[in-house]
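# An overview of the molecular structure
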Amino acid sequence: MVASDLLTQSVVNGLLLGGIYALAALGLSLVFGIMDIVNLAHGHMLMVGAYVAILVFTATGITPLVGMLLAMALMFGLGVLLQKVLLKHVVDEGLEQPIIVLFGLALVLQNLGRVILGGDARTADIGIPGNGFDIGIAFMSFPRTVTFVVAVLLIVATWAFLQYTKTGQAIRATAQNRTAAKYMGIDTDQIYVITLGIGTALAGAAGALLSMLFPIDPYVGWSYLLKTFAVVVLGGVGSVVGTLVGGLVLGVSENLGALYLGGGYRNVVSLLIFLGVLLVKPEGLFGSSGGGE
Amino acid sequence: MSIFQRSPGESLAEDRRVQALGVVAVLALAVVPFTTTDSLTGLILTGLVFVMLGVSWNLLAGYAGQISLGHAAFFGMGAFVSAWLTTPAAAGFPESIQLPILAAVVVGGVTAALISLVIGPIIFRLSGHYFAIGTLALAAVIELVMLDRRDLTGGATGYYVSGDLSIGEAVSHGDTMFFLTLIATIITVAATYVIVRGPAGLGMKAIHDDEDAASSLGVNPLKYKMYAFVVSSFFAGIAGALYGHYTLYINAQSTLAVTWTIDSLVIVILGGMGTFAGPFFGAALFLLLDNGLSAIVGGFSSAVEGILIILFIIFLPTGLYGLIKDYLVEETTDTDAATE
């Protein structure tokens, strides 16, 4: 039997990690909900964001939290470019073409990551030094706590943007009904560009945060794609609160899976939860189905 | 161009000339082991495996419209099950279950088909994007579990498969495997041809074009999806089993890797998704790319492949086959399921 302090520590660590998962999933959910596209390259974009933070840190010693901002800016640009150059040809054109374009992009990013940076795992885990603190039931590691707080702040910022700005309202209107939004004078093509930009920027941010906790190698893309999609499925497409809860649930269940079944089953647990929810309640535990049918 | 004139509705693959070309191609392939080096034989064997992967994925994705990203799981499970049967001791099984390679390969394919038969009704509750990601997740689960079961799979180090089908001095083990693979490829192509030209093929195209409409006209979508899935998985399993017994080494990390799914997809997209002849062109081009590209672009070959499938699916969705057909025939025919 696992000692109870180990159990609470696992749960706390899981919650802290879950915040980052939620941040990564928010980008995927946004794009899925609004453009009806599953960004198969989302995990690979996360990987690129992580590398940006790692490279900035190893080259200059600047904290990866600044690297994260740079990663977000770069990934926003990549998302805008991707929509303007490639995806505009295939979005709203059925299912197969967007899937394959993004699958191809994932291959390209993974390959570039491997060739340019090598296949070895890298990390910026010493980037935010600081002492953790004890909250009685568990120990709060400093990097885990900081990354969690930053992730939650970014989620709240995205939510406020969608809720209170004019662009945010236009994005939500487009998500509800693209044609109607167009009639109301919303430039929906531009909305798609912004949406993909935000979605990929969030992936970059999540990657940068993860790089402060875990080693990142060029092959992590698929695994993080599945994790983030699992969160989207748990939380329901288009629900910010659902995504946050989904992320926390996934983080905790992964850590408990690793604790009880062994580290090799960490990913298996999240995938099984994912498949289970997908099959039993495809619209997610929160929110409504965002299409994709 | 008069000799290439044809009436609309007649497809390229039905043409006698093309059938004759097929016979010539098979005969040319049959002499490969006797006229070339072992490494070239191996290369062409890999090409045949690519054809099997492409043709089988195309049946499911191109014809029935179910974009599966889990093809590697069936390829890998076919390889593992057949390897357990030819080399039971390495996985801790009793020697009594040992089978000759040919029988083990068939059992490998059948097992892959059985797996799809069991998970099909569950996974087909998902559609569209959810199906694509669901199959990707399923393949990842299978890979992770197999990787963890070191007793069955040798874990990350894998294990050597025993088998020797050499006949005297003249025919090496690789040569025999080449012939088996050639025969399996012919069966795969012939079976797929019969299916897509028959009523089942029509059903698959109907659910691909408009599942609701087909359903309201009495076409059972699940039936045709399952048909395509099981057949596709069977041939992917056979391909994996043959490849595993050609290389005589399997490893959960590479045999079950997502690479095999990527390869199948790239082959079909390059050749022409939903066209019967597409995967042949795709496999040939992919083989060239896979081997030639690394000489030109170094380590960037999979990036180039990624860029190619992006450009093909956007600007040339009928693939190489579409290009060649447009060049040969003015009228386009509608017997192939289009990608759109």
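None of these values were measured; they are calculated from a predicted model.

Before going further, it helps to examine the overall build of chain B. A count of helical and extended segments in chain B gives 16 helices and two strands. The principal-axis extents of the C-alpha atoms in chain B amount to approximately 60 × 50 × 40 Å. Burial statistics for chain B: of 340 residues in total, 51% are counted as buried. Long-range contacts, defined here as pairs at least 24 residues apart, represent 77% of the contacts in chain B between residues at least 6 apart.

The next subject is the interface of chain A and chain B. Across the contact, 35 residues belong to chain A and 36 residues belong to chain B. Among the elements of the structure, helix H4 (96-117), helix H9 (220-235) and helix H11 (266-280) of chain A are those that each provide at least two residues to the side of chain A that touches chain B. Ranked by residues supplied to the side of chain A that touches chain B, first place goes to H4 of chain A with 13 residues. For the side of chain A that touches chain B, the residue count by class is 25 nonpolar, eight polar and two charged.

Turning our eyes to something else, we now look at helix H15 (residues 301-315) of chain B. Relative to the 21 Å expected for 15 residues at 1.5 Å per residue, H15 of chain B spans 21 Å between its end C-alpha atoms, a close match to the ideal helical length. Listed as buried for H15 of chain B are Ser302, Ala303, Glu305, Gly306, Leu308, Ile309, Ile310, Phe312 and Ile313 of chain B.

Our focus in this paragraph is the nonpolar core. Leu23, Ala205 and Phe274 of chain A together with Leu242 of chain B are the most contacted members of the largest nonpolar core, which has 206 residues in total. Ranked by residue count, the leading element in this core is helix H1 (residues 4-35) of chain A, at 16 residues.

Next up on the list: the environment of Val24 of chain B. Residue and element names in this part refer to chain B. Its place among the elements puts Val24 in helix H1 (residues 16-30). The class for Val24 is exposed, based on 10 C-beta atoms found within 10 Å. Taking the C-alpha atoms as reference, Val24 lies 33 Å from Tyr249; in sequence the two are 225 residues apart.

When pLDDT drops low, the exact placement of atoms in the prediction is not to be read closely. All names here are of chain B. Taken over all residues, the pLDDT of chain B has a mean of 86, while the share at 70 or more is 92%. Confidence over residues 1-10 falls short of pLDDT 50; this stretch has eight contacts with residues more than four positions distant or in other chains. In the model output, the complex is listed with pTM 0.87 alongside ipTM 0.84.

Once that is clear, we can look at the packing of H1 of chain A against helix H8 (residues 188-211) of chain A. Residue and element names in this part refer to chain A. One way to put it is that H1 packs onto H8 with a least axis distance of 8 Å and a crossing angle of 165°. On the basis of the axis angle, H1 is roughly antiparallel to H8. The chirality of how H1 crosses H8 is left-handed. Residues Ile20, Leu23, Ala24, Leu26, Gly27, Leu28, Leu30, Val31, Ile34 and Met35 of H1 lie in contact with H8, whose contacting residues are Tyr192, Thr195, Leu196, Ile198, Gly199, Thr200, Leu202, Ala203, Ala205, Ala206, Leu209 and Leu210.

What counts and what doesn't
Residues numbered from 1 in each chain as written. Chains lettered and ligands numbered in written order. Predicted model: local features only at pLDDT ≥ 70, side-chain atom pairs only at ≥ 80, totals over all residues. Helix = DSSP H or I, 4+ residues; strand = E, 2+ residues; numbered from the N terminus. Buried ≥ 20, exposed ≤ 12 C-beta atoms within 10 Å, placed from the backbone. Contact = placed C-beta atoms within 7 Å. Nonpolar A, V, L, I, M, F, W, Y, C, P; charged D, E, K, R; others polar. Expected span 1.5 Å × (residues − 1). Core = buried A, V, L, I, M, F, W, Y, C linked by C-beta atoms within 7 Å. pLDDT = per-residue confidence, 0-100. Axes fitted to C-alpha atoms, helices over the stretch in contact; angles between N-to-C directions. Parallel < 35°, antiparallel > 145°, perpendicular 65-115°, else oblique. Left-handed = near helix turned anticlockwise from the far one by under 90°.

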